[in-house]
Amino acid sequence: MVTVVFCLAVVVGIVSAVVALSHRSPVVNVLSLVVTLFCIAVSYALLGAEFLAAAQILIYAGAILVLFLFVVMLLNAPEEQPAKEPRPFQRAAGLLLALLAGAGGVAVLIGIQVAAPGVQVAGDARAIGRMLVGQYLFAFEFISVVLLAALVGALVLVKRKH
Amino acid sequence: MTVTPMHFVIFAAVLFAIGAAGVLLRRSGISILLGIELMLNAANLALVAFGRIHGALDAQVFVFFVMAVAAAEVAVGLALLVAIFRKQQSIDVDRLNVLRW
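These remarks concern the structure in this document. (Residues numbered from 1 in each chain as written. Chains lettered and ligands numbered in written order. Predicted model: local features only at pLDDT ≥ 70, side-chain atom pairs only at ≥ 80, totals over all residues. Heavy atoms only, no water.)

### Overview of the overall build of chain B
Tallying secondary structure elements over chain B gives three helices and zero strands in all. Starting at the N terminus, the α and β elements of chain B follow one another as α-α-α. Relative to the compact-globule value of 13 Å for 101 residues, chain B shows a C-alpha radius of gyration of 17 Å, a clear excess of over 25%. For chain B, the C-alpha atoms occupy an extent of roughly 55 × 25 × 20 Å along the three principal directions. The burial tally for chain B puts 58% of its 101 residues in the buried class. Taking as baseline every contact in chain B between residues at least 6 positions apart, the subset at least 24 positions apart corresponds to 55%. For chain B, the exposed surface amounts to about 3,900 Å²; the carbon and sulfur share of it is 68%. (Helix = DSSP H or I, 4+ residues; strand = E, 2+ residues; numbered from the N terminus. Rg over C-alpha atoms; globule rule 2.2 N^0.38 Å. Buried < 20%, exposed > 50% of the residue type's maximum accessible area, 1.4 Å probe, protein only. Contact = heavy atoms within 4.5 Å. Areas by Shrake-Rupley, 256 points an atom, 1.4 Å probe, with all protein chains shown as cover.)

### Describing the nonpolar core
Counting residues in hydrophobic clusters, the biggest one holds 51 residues, and the most contacted among them are Tyr44(A), Leu65(A), Phe68(A), Ile30(B) and Leu34(B). Counting residues per element, the ones that place at least two in this core are helix H1 (2–22), helix H2 (26–46) and helix H3 (50–75) of chain A together with helix H1 (5–25), helix H2 (29–54) and helix H3 (58–88) of chain B. The element that contributes the greatest number of residues to this core is H3(A), accounting for 11 residues. The residues touching Phe68(A), leaving out its near neighbours within four places in the chain, are Val30(A), Ile30(B), Leu33(B), Leu34(B), Glu37(B), Val74(B) and Leu78(B). By size, the runner-up hydrophobic cluster in this structure holds 10 residues, among which are Tyr136(A), Ile143(A), Leu57(B) and Phe64(B). (Core = buried A, V, L, I, M, F, W, Y, C linked by side-chain atoms within 4.5 Å.)

### What about the interface of chain A and chain B?
Taken together, the contact pairs 84 residues of chain A with 68 residues of chain B. Roughly 6,700 Å² of surface becomes buried between chain A and chain B when both sides are summed, with 78% attributable to carbon and sulfur atoms. Per-residue buried area on chain A facing chain B is highest for Leu21(A), Leu47(A) and Phe68(A); these three make up 11% of the total on that side. Counting residues per element, the ones that place at least two in the side of chain A that touches chain B are H1, H2, H3, helix H4 (88–111), helix H5 (125–132) and helix H6 (137–158) of chain A. Top contributing element to the side of chain A that touches chain B by residue count: H3(A), with 14 residues. (Buried area = accessible area lost by both parts, 1.4 Å probe.)

### A look at the environment of Val72(A)
All names here are of chain A. Inspection of the secondary structure puts Val72 in helix H3. Given a relative accessible area of 3%, Val72 falls into the buried group. Placed 45 residues apart in sequence, Val72 and Val27 show a C-alpha to C-alpha distance of 6.9 Å.

### Quick word on a positive patch on the surface
Judged by side-chain charge, Lys159(A), Arg160(A), Lys161(A), Arg86(B) and Lys87(B) come together as a positively charged surface patch. If you trace the backbone, Lys161(A) turns up in the segment after H6. Judged by its relative accessible area of 70%, Lys161(A) is exposed. (Patch = residues over 30% accessible without salt bridge, like charges linked within 9 Å, V, L, I, M, F, W, Y side chains within 5 Å. Salt bridge = Lys/Arg side-chain N within 4 Å of Asp/Glu carboxyl O. Lys, Arg positive; Asp, Glu negative; His and termini not counted. Charge placed at Lys NZ, Arg CZ, Asp CG, Glu CD.)

### Quick notes on a nonpolar patch on the surface
Among the surface-exposed residues, Leu148(A), Leu151(A), Val152(A), Leu155(A) and Val156(A) lie close enough to one another that they form a single nonpolar patch of about 480 Å² accessible area. Along the chain, the position of Val156(A) falls in helix H6.

### Regarding the side chain of Asn29(A)
Locating Asn29(A) in the fold gives a position in helix H2. Asn29(A) has contacts with Val19(A), Ala20(A), His23(A), Arg26(B), Ser31(B) and Leu34(B), leaving out every residue within four places of it along the chain.

### Digging into the pattern of salt bridges
Residues and elements named next belong to chain B. Under the defined criterion, the tally for this structure stands at one salt bridge over all chains. A salt bridge links Arg27 to Asp92; its shortest N-O distance comes to 3.3 Å. In this pair, Arg27 sits in the loop between H1 and H2 while Asp92 sits in the segment after H3, placing the two residues 65 residues apart along the sequence.

### A word on the packing of aromatic side chains
Summed over all chains, the structure comprises seven aromatic pairs over all chains. Considering the side-chain rings of Phe51(A) and Phe64(B), the 5.9 Å spacing of their centres and the 40 degrees angle between planes classify their relative orientation as tilted. Taken together, the positions of Phe51(A) in helix H3 and Phe64(B) in helix H3 put the pair across two chains. Taking the relative accessible area as the measure of exposure, Phe64(B) reaches 19% and is therefore buried. Arranged with centres 5.7 Å apart and planes meeting at 75 degrees, the rings of Tyr136(A) and Phe62(B) form a pair that is edge-to-face. Taken together, the positions of Tyr136(A) in the loop between H5 and H6 and Phe62(B) in helix H3 put the pair across two chains. Looking at Tyr136(A), the relative accessible area reads 13%, which means it is buried. An aromatic cluster of at least three residues, connected via ring pairs, comprises Phe51(A), Tyr136(A), Phe62(B), Phe64(B) and Phe65(B). (Phe/Tyr/Trp six-rings, centres within 6.5 Å; stacked < 30°, edge-to-face > 60°.)

Here it is, written out as structure tokens:
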């Protein structure tokens, strides 16, 4: 059962990720990335991180990608036109670098031997909440300052100058 | 075949490569931000998988913080895109070739 769900999540996730980053229309890109992020949420659930699976759907699909859709529709972003000056060498180099990142990552990760046994940890909201307001209290408070700074920064950036 | 956390890490590596290819190959600013989001998510997935391997909950707390920072990043990035669009009437990054305007 877990195997079937995992394989489904991997196939759907990778296909929709490729569509998200190769299709011309920006709206299709954003909506396709939503599907990929759902597949990642499924992976979190399979790994026993139920709180993160819920947070992933709420934060990413619910907030961040809706923000993307707002901007796409606000800008009335046109479909990406073919390049006026095609740069085959740069494209090949970019693709090669990305492949290197993926292949190198897989090669390194396969070689890792982990000594610790796979212990099941409870990923429920109670345990994470206790850590957030205990061990990681400073980071938890500081992240709110970061979010406030981003809020103010975004407002300043889009403010029309008079 | 039983699914081990290592399979999730390899899935994350593949997603990271797709996101990196998007950032390197696309010219639309929105697509580049989407690629960055995908790379951040792949890193999050790898963190959760490693946390599962080691039996530690700290990784999930880190992922929570990464999500918050990603939200801040995307808000500022999209605001920059809107500001650029107002100046240039385009979000094609090939056209951003001046140091001041």
